[in-house]
Amino acid sequence: MGPWGRQSPGSALAPAQGPWLFLLLCLRLAASCPQACKCPDHAGPVAVHCSDSGLQEVPGDIPADTVLLKLDANRISRIPDGAFQHLHQLRELDLSHNAVETIGPAAFSGLAGGLRLLDLSHNRIRRIPKDALSKLGAKIRLSHNPLHCECALQEALWELKLDPDSVDEMACQTSVQEEFVGQPLIQVLDSGISLCSTHHKTTDVAMLVTMFGWFTMVVTYIVYYVRHNQEDARRHLEYLKSLPSAPVPKDLGSPVP
């Protein structure tokens with residue numbers, strides 16, 4: 001109240017502003033969370049839960065301060081380049097139980113420094129995107145994917161930090177060698193077999209076939225060249241035989257005294 005016992009205008013508006021400020025704050029928090037997702041405050045650091053939300057692509061309005069992002073149990077089939085490039089504080093990313101087949105080479109750009117866990121299990125990944133994953137320092141889960149066991153897969157695994165708790169569940173659904181189909185990947189690699197040796201053998205065979213083809217062409221040309229020259233020589237000899245022979249001078253035929 002004022003010095004004359006009257007209430008000041010500012011103090012009269014103060015109680016009315018409380019509910020409006022609270023409402024604006026709630027609207028701001030709601031706007032920062034993707035529409036199909038939940039952002040519970042009790043989860044500690046900013047956590048965005050988009051599990052089982054029918055998503056077909058990665059949302060583009062994920063809060064920049066997200067630490068935990070759960071996109072599991074959706075229908076995401078493709079992860080484009082730069083899908084998470086603004087999430088510099090992200091520590092855990094769950095993309096399991098989706099339909100991921102294609103991963104862009106720069107899909108996880110911006111996450112190399114802080115990401116601790118990347119879950120790509122239970123998807124449709126056949127070939128590991130080495131360019132997209134090799135720069136990450138996070139543990140990576142790739143179990144229950146229809147992996148194609150080949151040299152490129154083995155080379156990619158050498159550069160990844162696989163989650164030890166799920167590595168036993170990685171298997172070869174298809175392979176460059178038929179005897180590896182259906183076998184656990186760790187068992188194939190632990191046996192000392194190099195999938196790259198098969199690749200090199202295939203390359204060597206291809207080179208041998210190519211060289212044999214060139215050799216056959218050269219031999220064929222030489223045979224044709226020799227036969228052509230022989231035919232010309234025979235014709236020339238027949239021509240010489242057909243010429244009339246010149247008489248021998250008598251002086252050359254008489255003995256020398």
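Residues numbered from 1 in each chain as written. Predicted model: local features only at pLDDT ≥ 70, side-chain atom pairs only at ≥ 80, totals over all residues. Heavy atoms only, no water.

### Some details on the overall build of the protein
Line of reasoning, step 1. If you tally the helices and strands in the protein, you get six helices and nine strands.
Line of reasoning, step 2. Going through the 257 residues of the protein one by one, you find that 30% of them count as buried.
Line of reasoning, step 3. Taking contacts inside the protein between residues at least 6 apart in sequence as the whole, the part at least 24 apart equals 44%.
Line of reasoning, step 4. Taken as a whole, the protein presents about 17100 Å² of accessible surface, with 60% of it coming from carbon and sulfur. (Helix = DSSP H or I, 4+ residues; strand = E, 2+ residues; numbered from the N terminus. Buried < 20%, exposed > 50% of the residue type's maximum accessible area, 1.4 Å probe, protein only. Contact = heavy atoms within 4.5 Å. Areas by Shrake-Rupley, 256 points an atom, 1.4 Å probe, with all protein chains shown as cover.)

### Overview of the state of the cysteines
Line of reasoning, step 1. Summed over the entire model, instances satisfying the criterion amount to four disulfides.
Line of reasoning, step 2. One disulfide bridge connects cysteine 151 with cysteine 196, the sulfur atoms lying 2.2 Å from each other. Residues cysteine 151 and cysteine 196 are joined by a disulfide whose S-S torsion is about 90°; by sign, that bridge is right-handed. One end of the pair, cysteine 151, is in helix H3 (residues 151-157); the other, cysteine 196, is in helix H5 (residues 195-242), with 45 residues separating them in the sequence. Here cysteine 151 matches cysteine 196 in class, with each residue buried.
Line of reasoning, step 3. Sequence-ordered numbering of the disulfide-bonded cysteines in the protein gives the connectivity 1-3, 2-4, 5-7, 6-8. (Disulfide = S-S within 2.5 Å.)

### A short note on the environment of alanine 156
Line of reasoning, step 1. Along the chain, alanine 156 turns up in helix H3.
Line of reasoning, step 2. The exposure class of alanine 156 is buried, given its relative accessible area of 1%.
Line of reasoning, step 3. Placed 25 residues apart in sequence, alanine 156 and aspartate 131 show a C-alpha to C-alpha distance of 8.8 Å.
Line of reasoning, step 4. Those residues in contact with alanine 156 that lie beyond four places of it in its chain are Ile128 and Lys130.

### Some thoughts on the nonpolar core
Line of reasoning, step 1. Core analysis: the largest hydrophobic core is formed by 46 residues, its most contacted members being Phe84, Leu93 and Phe108.
Line of reasoning, step 2. Where this core is concerned, the elements lending two or more residues are helix H2 (130-133), strand S8 (147-149), H3 and helix H4 (185-190).
Line of reasoning, step 3. Among the elements that take part in this core, H3 stands out by supplying three residues, more than any other.
Line of reasoning, step 4. Not counting the four nearest positions on each side in its chain, leucine 93 is found in contact with Leu69, Leu71, Phe84, Phe108, Leu111, Leu115, Leu117, Leu118 and Asp119. (Core = buried A, V, L, I, M, F, W, Y, C linked by side-chain atoms within 4.5 Å.)

### Some points on a nonpolar patch on the surface
Line of reasoning, step 1. On the surface, a nonpolar cluster with roughly 650 Å² of combined accessible area is contributed by Val218, Tyr221, Ile222, Tyr224, Tyr225 and Val226.
Line of reasoning, step 2. For tyrosine 225, the location among the structural elements is in helix H5.
Line of reasoning, step 3. Under the relative-accessibility criterion, tyrosine 225 is labelled partly exposed at 45%. (Patch = residues over 30% accessible without salt bridge, like charges linked within 9 Å, V, L, I, M, F, W, Y side chains within 5 Å. Salt bridge = Lys/Arg side-chain N within 4 Å of Asp/Glu carboxyl O.)

### Digging into a positive patch on the surface
Line of reasoning, step 1. A cluster of basic residues, Arg91, Arg116, Lys139 and Lys161, forms a positive patch at the surface.
Line of reasoning, step 2. Take arginine 91: it is sitting in the loop between strand S3 (78-79) and strand S4 (92-94). (Lys, Arg positive; Asp, Glu negative; His and termini not counted. Charge placed at Lys NZ, Arg CZ, Asp CG, Glu CD.)

### Examining the confidence of the model for the protein
Line of reasoning, step 1. A residue-level look at the protein finds 74% of positions with pLDDT of 70 or above and a mean pLDDT of 81.
Line of reasoning, step 2. Contacts of residues 1-16 to residues separated by more than four positions or lying in other chains number four contacts, the stretch itself having pLDDT below 50.
Line of reasoning, step 3. Within the model, the stretch residues 20-31 combines pLDDT values under 50 with zero contacts to residues more than four positions away or in other chains. (pLDDT = per-residue confidence, 0-100.)

### Details of the side chain of serine 175
Line of reasoning, step 1. Mapped onto the elements, serine 175 comes out in strand S9 (residues 172-175).
Line of reasoning, step 2. By relative accessible area, serine 175 is classed as buried at 15%.
Line of reasoning, step 3. At 3.4 Å, the side chain of serine 175 and the backbone oxygen of cysteine 149 are in polar contact.
Line of reasoning, step 4. Polar side-chain contacts of serine 175 include one of 3.1 Å to the backbone oxygen of glutamine 177.
Line of reasoning, step 5. If near-sequence neighbours (up to four positions away) are discounted, serine 175 is found in contact with His148, Cys149, Phe180 and Val181. (Polar contact = N/O pair within 3.5 Å; in protein donor to acceptor, adjacent residues only side chain to side chain.)

### Digging into the side chain of asparagine 123
Line of reasoning, step 1. Of note, asparagine 123 is situated in the loop between strand S6 (117-119) and H2.
Line of reasoning, step 2. In terms of polar contacts, asparagine 123 uses its side chain to reach the backbone carbonyl oxygen of serine 121, at 3.1 Å.
Line of reasoning, step 3. Setting aside anything within four residues of it in sequence, one finds asparagine 123 in contact with Leu95, Ser96, His97, Asn98, Ala99, Val100, His144, Asn145 and Pro146.

### Focus on the packing of aromatic side chains
Line of reasoning, step 1. In this structure the tally under the stated criterion is one aromatic pair.
Line of reasoning, step 2. With 6.0 Å between their ring centres and 0° between their planes, phenylalanine 84 and phenylalanine 108 make a pair best called stacked. With phenylalanine 84 in the loop between S3 and S4 and phenylalanine 108 in the loop between strand S5 (102-103) and S6, this residue pair connects regions lying 24 residues apart in the sequence. The same class applies to phenylalanine 84 and to phenylalanine 108, which are both buried. (Phe/Tyr/Trp six-rings, centres within 6.5 Å; stacked < 30°, edge-to-face > 60°.)

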